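Given next are the chains, with one letter for each unit.
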Amino acid sequence: MKQEKIYLRDYKTPDFTVKSVNLDFNLNEDFCRVVAKSEIEKKSPSASLVLNGEDMKLISVKINGETLQEGQYTLTKEHLTIPTTPEKFTLEIETQLEPQNNTSLEGLYKSNGIFCTQCEAEGFRKITYFLDRPDVMTSYSVTIEADKTKYPVLLSNGDRLKVEDLGNGRHKAYWRDPHKKPCYLFALVAGDLGVIRDTFTTASGREVNLEVYAAHGKQDRCWHAMESLKKSMKWDEEAYGREYDLNDYMIVAIDDFNAGAMENKGLNIFNSRLVLADANSATDTDFHSIESVVAHEYFHNWTGNRVTLANWFQLSLKEGLTVFRDQEFSADMTDRGVQRIEDVDALRAGQFAEDGGPNAHPVRPESCMAVDNFFTMTIYEKGAELIRMMQTIVGRKGFRKGMDEYFARHDGQAVTTEDFAAAISEPNGKDFTQFRRWYSQAGTPTVHVHEEYDAKNQEYHLTLEQTCAPTPNQPSKESFHIPLMLGLLDKNGKELTLHSERIQKNTDGKHLIELREQKERHTFKNISERPVLSILREFSAPVHLKWNAAEEDLYFLFENDTDSFNRREAGQKLSLRVFHKLISQARNKQPLEVDPRFVSTMTKVINDSSMDPLFMAKMLTLPSNAVLAQEESVLDAMAFYEARKALKKTIAQQNEAALLAIYKKYHGVDAKSTKSSGHRQLKNQALVYLSMLEKPEIMELVTKQYWNAENMTDRMTSLSILADSNVANRDQVLHDFYETWKDDSVVINKWLMVQATTSRPETLEDVKRLTKHPSFSLTNPNNVYSLLRAFGANLVRFNDPSTDAYKFYSDMILEIDPKNPQVAARLCAAFTFVKKLDPQMQERALVEIRRMVAAPSLSKNSRELLQPMLEQ
C-alpha cells in the first residue's frame, strides 16, 4: 500500500484563526458526546475550511447556529471540508466517540475505568474535527459532565471555575485556560482517583496549588513526584527566571499510556511508572527517572507551551531544549560529572545507532509519513546536544542572555529552530549560520585527530579533520560547526597553559576549538615536553573521535585526567580495544585472552578508596552491546556474549577479595535512603562482577540479598542475577517476586523485563510463554515495552542464530500494529542493526521485514520505519 509523505517544504501558515473554543463533554459508559464551539476568522477570502478528524461519528455541523446539510460539506476518512464560510463565524460540531474501544490510546480513551486523553501529536482529531496543527493557538473553555459516583474527579487544563451537582446522579465541572495553546496540549481526566496535595510559593509570592492523582491506595507513592515538582519549580525560577503562570498544577498517573508523560498545560498526564515510587517498590534508577521526567514536563510550560512549534518538523525546538534543561536540572540535583556520563552513555547506545541506521534523520526532519515517528532519540537527545553546543560556544552567562531574549521575542508564539538559534546567537554576537547545519544534516560526524610534537621548537601540532558518512537522501554533507573542549596535560597530570592563536575561551573559562573547516591544523607553542591530549571534554559535541591515541596516553588519562568525563572515557576506549580482540578471538574459535594491563588498571580503580562510590561504579561499567554493535564490523551475538563474560569474569577473579570488601562495606548502609544511591550502585556493581565467578557462596550471597532486601534496588539486582543463572532456586525467586507484586502493574513490568533481558539460551521461550501470562496484555504499552521491546534490545538473544526470534518478533508487531500503531512502530527499532549481521542472519531478518512490509494493512507508522531497512 502506497502511503504519502508530508514535507516541510510544503508548510504554510493556516488560512483561518481560531479565536476561542468551548468544548462540552458528556461522558457515558458506552459513548461520549462532544460539542465543540469555535469562534473562527478567515484570513484568506477564497480558502476552504479543511478540518482534521478520524475514528469518530459526526452528528452535526453548524455555522452561526444554522445546521449544514450534507451537500454543504464533504466528509472523508481523515477530513471534514466546508468549502464556503463567512469571514467571521461560530462553528459548532457535535461528534460521538467510543473511548472504551479506543486501543490506540490517542484522543479520548479509557484506562482501568478512567477517562483520559493523549493529544500529542495528532490525537485531538480523534475527539472533534479541528485545525489539528501546533501553530493554531487558542484559548479553551471546557465543561465535563459525568456520573458523580463513578467519576468524582473531573479535570481539564487551566483554572477550575466550579463544579455543580446536576441532581440526577451526575455532576458537571467548568474549566478555563487563560493562556492560548495548540490543541495537542488539551487534556481531560475523569475518574475515581486518590490524590495528594501541597502548595508552592513562587518567587513573586503567589501560591500555587499542587495535586498528584493516582489510583486509590497508591497515592502515598506519589510524594517523591510531588517533591520533584517543587524542586523543578524552584530551579526554573533560579536558573531561567521562569515562574509558573496558573493557580493549579496537576499530575495524573495512568497505567495505559503510549509514552512516558505529557506536558498538557496545567494537567500533566503521566505513565504510572514515572510517578509511583517508594523504597519498597521503586529502584534508585526509578527515583532518578521520576525526578527527571517530572522536571521535563514542568519545564515544558515555558519551552513548549508558552513558546510552541510552527509545525511538527520543529519538534526538537521544544523537546531537545527541554531535554537539555532537565539534564542540567538533574546535574544540579546529583553529580554533574556522573550525570553527563549517564546522558552520553544513553546517547551513544541509542541515538548514535539511530544515526548510523536505515532510519537516520536530521534533528529537523524534511519529511515523514507519520508525525508520531518524530518522537525519536535524534529529536530529543541529539537535539539536546545541539542546545548544549550552543551553550558551550557562548558560555553559560551568554546562554542565559539568549534564553531571556528567546522568551521576550516569542512568548505566545509558534516558532522554528531558526528563531531559537537567532535568539541565542544575536545577543552574543555569534554567527550560527553554519551551526544550523546540525539541524538539517543527519548522521554523526567523525572528527579525525592527528598529533605531532616538535621537541626542537617546543611546539605541539593538532590536526583535526571532519567527515560524515552518507545517510538516507543525504549522500554528502557540508562541514559542521563543532565545538571541541580540550586540554593538554604534562607528565604529572597537571594542566598546561595553552598558547595558540585559534583556541578560545568561552565565558565559563573553558578552552575550546570551534572546528568549522573540513580540515584544520592548530599549533600550541611553549610546550616543553610531549603533552597528553584530553579532547572532547564533557563530550562537548555529539561526534565520533577517530583518534589512534597511544595506549600509554589512554592509560595515563584513565588515571590522571582532570576532566571526569574524559577520565572515564579513556577507560571506555581501552575496554573497546580489549573487546575487539576478544570478539575476534571468539569468532575465530580461539582461546579468549584478556589483556592483563587493562585488568590491573581496573584493579587500581577498585582499590581507590578516595574515589566517589558513584563515580567508581561508572568507571567499572563496560560499554554496552549496543555500543559494541556500532564499533564492530559484524554483530556476532554469541561472540559478544563470550567476550563480555570472559572480561567480567577475569576482572572478578583478579579482584574477588576487594569486590567482596566493597560489597560488605556498603551493604545495608542507609538501605532506604535515596541519598545512599551511589553506595548501592557500587555495591551492586561489585555483586554483579562477583556473580560471574558462579561460586556457590557468592550465589548464596545474592540469594540472601534478595530475601532480606530493604529496598527495590537491592531486590532487583539479586533478581536479575538469579534470573540470568541456572541456580536451583531461580524459579522459586521469580515465583516469589510475582506473588508478592502481582497486583501492582508497575512492579510486575520489572518482573517481565528481567526475564526478557537474560542471556540464557531459554530467553526466547520464556518471552513466548510470558506473552500468554495473565499479567501480560498486548494492549498495554508498558507490558509490551517491558517484555517485547526489552527482548528486542537484548542483542545477544534477539540475534541468536539457533532460534526463530525474528519470526516471533515480527508476528508480535503484526498483531499489535492494528491495535496501536505507535507501540508497534517502537518495536521495529529492534531491526536497526540488520546491516551489521552476517549474511545468513541478515537474510533471515530481511525475510521477516519483507513479510511485515507486504501486509496490506500495516500502519504508516510501522511501514515508514521498516521500508528503509529493505533499501539500505
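About the thresholds
Numbering of residues starts from 1 in each chain and follows the order in which that chain's sequence is written. For a predicted model such as this one, the threshold for reporting local features is a pLDDT of at least 70, and the threshold for listing and counting side-chain atom pairs is 80 or more; totals across whole chains, interfaces and linings nevertheless cover every residue. The side-chain numbers reported here are obtained from all heavy atoms of the structure, hydrogens and water having been left aside. Strands were regarded as paired on the criterion that DSSP finds at least two bridges between them. The numbering of helices and of strands both runs from the N terminus, where a helix is a DSSP run of H or I of at least 4 residues and a strand a run of E of at least 2. Buried residues of nine kinds, namely Ala, Val, Leu, Ile, Met, Phe, Trp, Tyr and Cys, make up a nonpolar core once their side-chain atoms join them within 4.5 Å. Only protein chains enter the area calculation, which uses a 1.4 Å probe; residues under 20% of their type maximum are buried, those over 50% are exposed, and those in between are partly exposed. We call two residues in contact when some of their heavy atoms are within 4.5 Å. An axis is simply a line fitted to the C-alpha atoms; with a helix, the fit covers only the stretch in contact. Between two such axes, the angle follows the N-to-C directions and lies from 0 to 180 degrees. The cut-offs work like this: below 35 degrees is roughly parallel, past 145 is roughly antiparallel, 65 to 115 is roughly perpendicular, and the gaps in between are oblique. Helix crossings are classified by the rotation of the near helix relative to the far one: an anticlockwise turn of less than a right angle makes the crossing left-handed, while a clockwise turn makes it right-handed. When residue character is reported, Ala, Val, Leu, Ile, Met, Phe, Trp, Tyr, Cys and Pro are called nonpolar, Asp, Glu, Lys and Arg charged, and the others, Gly included, polar. Note on terminology: disulfide denotes any pair of cysteine sulfur atoms within 2.5 Å. Polar contact is the term for a pair of N or O atoms within 3.5 Å; when the atoms are in protein, one must be able to donate a hydrogen and the other to accept it, and sequence-neighboring residues count only if both atoms are side-chain atoms. Pairing of aromatic rings covers Phe, Tyr and Trp, the last counted by its six-membered ring, and requires centre-to-centre distances within 6.5 Å; plane angles under 30 degrees mean stacked, over 60 mean edge-to-face, and any other angle means tilted. For a ring to carry a charge above it, either NZ of a lysine or CZ of an arginine must fall within 6 Å of the ring centroid while also lying within 35 degrees of the normal to the ring plane.

## Let's talk about the sheet that holds strand β6 (residues 66-67)
- An order of β6-β5-β9-β3-β2-β12-β15-β14 is seen for the eight strands of this open sheet, with the pairing classed as mixed. Looking at which strands have only one partner, the edges of the open sheet turn out to be β6 and β14 (159-165).
- Both strand β3 (residues 32-42) and strand β9 (residues 88-97) contribute to a ladder of ten bridges, which runs antiparallel. For Ile 40, the partnering residue across the bridge sits in β9 and is Phe 89.

## Looking at the nonpolar core
- Core analysis: the biggest nonpolar cluster contains 283 residues, and Phe 25 and Leu 788 have the highest contact counts within it.
- At 13 residues, helix α5 (residues 377-410) tops the list of elements feeding residues into this core.
- Excluding its chain neighbours within four sequence positions, the residues that come into contact with Phe 25 are Cys 32, Arg 33, Val 34, Leu 108, Ile 127, Val 142, Thr 143, Ile 144, Glu 145, Phe 186 and Leu 188.

## Thoughts on the pairing of strand β13 (residues 153-156)
- Side-chain alternation along β13 places Val 153 and Leu 155 on one buried face and Leu 154 and Ser 156 on a second face that is also buried.
- As paired elements, β13 and strand β16 (residues 188-191) share four bridges and run antiparallel to each other. Across the sheet, Ser 156 pairs through a bridge with Leu 188, a residue of β16.

## Observations concerning the packing of helix α15 (residues 677-691) against helix α17 (residues 712-723)
- Their axes nearest at 11 Å, the elements α15 and α17 cross at an angle of 15°. If you check the angle between α15 and α17, you find them roughly parallel. Between α15 and α17 lies a crossing whose hand is right-handed. Contacts between α15 and α17 involve Arg 680, Lys 683, Asn 684, Leu 687, Val 688 and Ser 691 on the former and, on the latter, Thr 713, Asp 714, Thr 717, Ser 718 and Ile 721.
- Of the residues contributing to the contact of α15 with α17, the split by class is three nonpolar, five polar and three charged.

## Quick notes on the side chain of Lys 750
- When you line up the elements, Lys 750 lands in helix α19 (residues 745-756).
- Aside from chain neighbours lying at most four places away, what touches Lys 750 is Ser 281, Thr 283, Asp 286, Met 712 and Met 716.

## Details of unusual backbone geometry
- For the bond running from Glu 120 to Ala 121, omega is 5°, close enough to zero to count as cis.
- Mapped onto the secondary structure, Ala 121 falls in the loop between β11 (114-118) and β12 (137-147).
- Phi at Asn 526 is positive, roughly 60°, even though this residue is not glycine.
- As for its placement among the helices and strands, Asn 526 is situated in the loop between β30 (519-524) and β31 (532-535).
- By relative accessible area, Asn 526 is classed as exposed at 57%.
- A positive phi is found at Lys 589, a non-glycine position, where the angle reads about 60°.

## Remarks on the state of the cysteines
- Applying the stated criterion across every chain yields a total of zero disulfides.
- Here Cys 116 is not cross-linked by a disulfide; its sulfur's nearest cysteine counterpart is in Cys 119, at 10 Å.
- Of the cysteine sulfurs around Cys 828, a residue in no disulfide, the closest is that of Cys 368, at 16 Å.

## Regarding the environment of Pro 134
- Positionally, Pro 134 belongs in the loop between β11 and β12.
- Taking the C-alpha atoms as reference points, Pro 134 and Val 599, separated by 465 residues in sequence, lie 54 Å from one another.
- For Pro 134, the contacting residues outside a window of four places in its chain are Pro 182, Tyr 184, Thr 308, Leu 309, Ala 310, Asn 311, Trp 312 and Ala 414.

## Focus on the side chain of Gln 822
- Relative to the assigned elements, Gln 822 resides in helix α24 (residues 821-827).
- Among the polar contacts listed, one links the side chain of Gln 822 to the side chain of Glu 106, at a separation of 3.0 Å.
- Look past the residues within four positions of Gln 822 in its chain and what remains in contact with it is Glu 106, Asn 258, Asp 372 and Asn 861.

## As for the packing of aromatic side chains
- Evaluated as defined, the whole model comprises 36 aromatic pairs.
- Three or more aromatic residues joined by ring pairs make a cluster, and in this case those are Trp 235, Tyr 240, Tyr 244, Tyr 249, Tyr 298, Phe 299 and Phe 329.
- Seen from the ring of Trp 302, Arg 242 lies directly overhead, with NZ or CZ sitting 4.7 Å from the centre.
- In this arrangement the basic side chain of Arg 715 is found over the ring face of Tyr 706, its NZ or CZ atom lying 5.6 Å from the centre.

## Thoughts on the sheet that holds strand β27 (residues 482-489)
- With antiparallel pairing, the four strands of this open sheet are ordered in space as β28-β29-β27-β31. Each of the sheet's edge strands pairs with one partner strand only, and the pair in question is β28 (504-505) and β31.
- When β28 meets strand β29 (residues 511-515), the two strands line up antiparallel, connected through two bridges. The residue of β29 that forms the bridge with Lys 505 is His 511.
- Packed onto the sheet, α5 meets β27 and β29 and runs at close to 60° relative to β27.
- Packed on one face of the sheet, helix α8 (residues 551-560) meets β27 and β31 and runs near 65° to β31.

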